[in-house]
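This is what each chain is made of:
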Amino acid sequence: DFANGRRGGTLRPGTKTQTPVPYEEARKIFDKLVREKTSKGYTPGAGGTPFSMTDKAGQVSGVSCQLLNAIEEDDIDALIESDDWIMQAKLDGERRFVLHNGGSDTRGINRKGLFIPLVEAVAKEAQKLNRTFLVDGEAIGETVTAFDLLELDGVDLRSLPYEHRFQKLWEVFRPGAGSALRVHMLSEDTTEGKRRLLAYLRAENAEGVVFKRKDAPYSPGRPNSGGSQLKFKFYETASVIVSKVNDKRSVAVSVIAGDEQERVMVGNVTIPPNLAVPSVGDVVEVRYLYAYEGGSLYQPVYLGGRPDIAPLECTIDQLKYRADEPAPASPSF
């Protein structure tokens, strides 16, 4: 038996063996579970550093990102009408923090809170500003678009309302709007502006929109429901695991389901000729219209690799089903 969850929150219990097993088998199950959980950043007990028991220990930044809950289309009208919420275009890239400590000390941090290499052009733009800072943003190609400012010149800004942090972000980064490190310009806070931006993004086949409460501080982690930052996608996306590389530039993909964390196949997806074919075990992102009962994806489109997401996060409960298709029962992990 085991339990895991966010530190300070409620632990989610589970079991790996329904009946007793020999010690040697139990030890293998235990060791595998510990490897799986620590690879996602979990640590035993009430204290400890994420990834402390893995080869990633030296990469830990200590920075945690705020994660967004999804909402349905019926929810967005009230947020558009409310003066309490800012709406932004949802960016289709990888979550990326940029930490600049002065001089040439500029580093990237991924969604898991690990230090990773930063594109040289982004690092150079950061160093031109002659400020120390930590920004939260999205990496797309050779650029990082920043949408939040967490630290500036040694001052922690996380407790400030989002509208104040965003204003400071705009003041610092606006001059470099066309550079490799830029501020998120597709943002609106009036009802008219939000409706105009929503119509524009739909027409451009964008990924979706994000709503952020103006008066909210930066809160790392993901709340069980709701929250001060919400996302609405114009189409469905899922993180899936490559299970097989097929002929003619396509791969078979799967998700994880059940207490035994079994792989469930969800179909095949073609890899565009301008993108590299991923390897078995890689996590990739796909876009789809809906899922059939059992998990098969209808009209999946390959979006790219997701090295910032662990395979264990690719669960079947992320899938959205057609209105006349019931979602399969899926336990919490």
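For the structure, see preceding data.
Residues numbered from 1 in each chain as written. Predicted model: local features only at pLDDT ≥ 70, side-chain atom pairs only at ≥ 80, totals over all residues. Heavy atoms only, no water.

**Q** What is the right way to read the sheet that holds strand β17 (residues 262-270) from this model?
**A** Across a sheet, strands are paired by hydrogen bonds formed along the backbone, either parallel or antiparallel in direction. If you trace the 5 strands from one edge of the open sheet to the other, you get β17-β16-β15-β18-β21, paired in antiparallel fashion. Here the strands that pair on one side only, and so sit at the sheet edges, are β17 and β21 (301-305). Across the sheet, the mean angle from the axis of one strand to that of its neighbour is 45 degrees, orientation sign disregarded. (Pairing = 2+ DSSP bridges. Helix = DSSP H or I, 4+ residues; strand = E, 2+ residues; numbered from the N terminus. Axes fitted to C-alpha atoms, helices over the stretch in contact; angles between N-to-C directions.)

**Q** In this structure, what is going on with the environment of G102? I would like to understand it.
**A** With respect to the secondary-structure elements, G102 resides in the loop between β5 (94-100) and β6 (106-109). In this structure G102 comes out as partly exposed when scored by relative accessible area, which is 25%. Distance from G102 to N130, taken between C-alpha atoms, is 7.0 Å for residues 28 residues apart in sequence. (Buried < 20%, exposed > 50% of the residue type's maximum accessible area, 1.4 Å probe, protein only.)

**Q** I keep staring at the environment of E151 and nothing clicks. Help me out?
**A** Residue placement: E151 occurs in strand β9 (residues 143-152). Separated by 14 residues in sequence, E151 and R165 place their C-alpha atoms 9.3 Å apart. Ignoring sequence-local partners within four residues, the contact set of E151 consists of T132, F133, L134, D156, L157 and R158. In this structure the side chain of E151 is engaged in a polar contact, spanning 3.1 Å, whose partner is the side chain of R158. (Contact = heavy atoms within 4.5 Å. Polar contact = N/O pair within 3.5 Å; in protein donor to acceptor, adjacent residues only side chain to side chain.)

**Q** Before we go on, may I ask you to explain a nonpolar patch on the surface in this structure?
**A** The grouping of V245, V277 and V280 at the surface amounts to a nonpolar patch, some 220 Å² of accessible area in total. Structurally, the position occupied by V277 is in the loop between β17 and β18 (283-288). For V277, a relative accessible area of 33% puts it in the partly exposed group. (Patch = residues over 30% accessible without salt bridge, like charges linked within 9 Å, V, L, I, M, F, W, Y side chains within 5 Å. Areas by Shrake-Rupley, 256 points an atom, 1.4 Å probe, with all protein chains shown as cover. Salt bridge = Lys/Arg side-chain N within 4 Å of Asp/Glu carboxyl O.)

**Q** Help me out: how do you make sense of the side chain of D136 in this one?
**A** Assignment of secondary structure puts D136 in strand β8 (residues 133-140). Judged by relative accessible area, D136 falls into the buried class, the value being 0%. Here Y218 takes part through its side chain, which lies 2.7 Å from a polar atom of the side chain of D136. Ignoring any residue separated from it by four or fewer positions in sequence, one finds D136 in contact with R95, R96, F97, A146, F147, D148 and Y218.

**Q** What exactly am I supposed to notice about helix α2 (residues 73-81) here?
**A** Structural remark: α-helix, 3.6 residues per turn; residues separated by three or four positions point the same way. Within α2 the residues assigned to the buried category are I76, L79 and I80. Here the buried residues of α2 occupy an arc of 100 degrees about the axis, which is enough to place them on one side. Facing away from the buried side of α2, by more than 90 degrees, are the exposed residues D74 and A78. Where the residues of α2 are buried, they touch β4 (85-89), α5 (191-203), β13 (208-213) and β14 (229-233). (Arc of directions from axis to C-beta.)

**Q** What is the right way to read the pairing of β8 from this model?
**A** Regular strands place their side chains on alternate faces of the sheet. The element β8 is extensively covered by neighbouring structure, given that 7 of its 8 residues are classed as buried. Sheet analysis places β5 next to β8, joined by 7 bridges and oriented antiparallel. Across the sheet, the residue bridging to V98 is V135, located in β8. With 8 bridges connecting them, β8 and β9 associate as antiparallel partners. Each bridged residue has a counterpart across the sheet, and for F133 the counterpart in β9 is L152. Here β8 folds back onto β9 in antiparallel fashion, the turn holding 2 residues, of which G141 has a positive phi close to 60 degrees.

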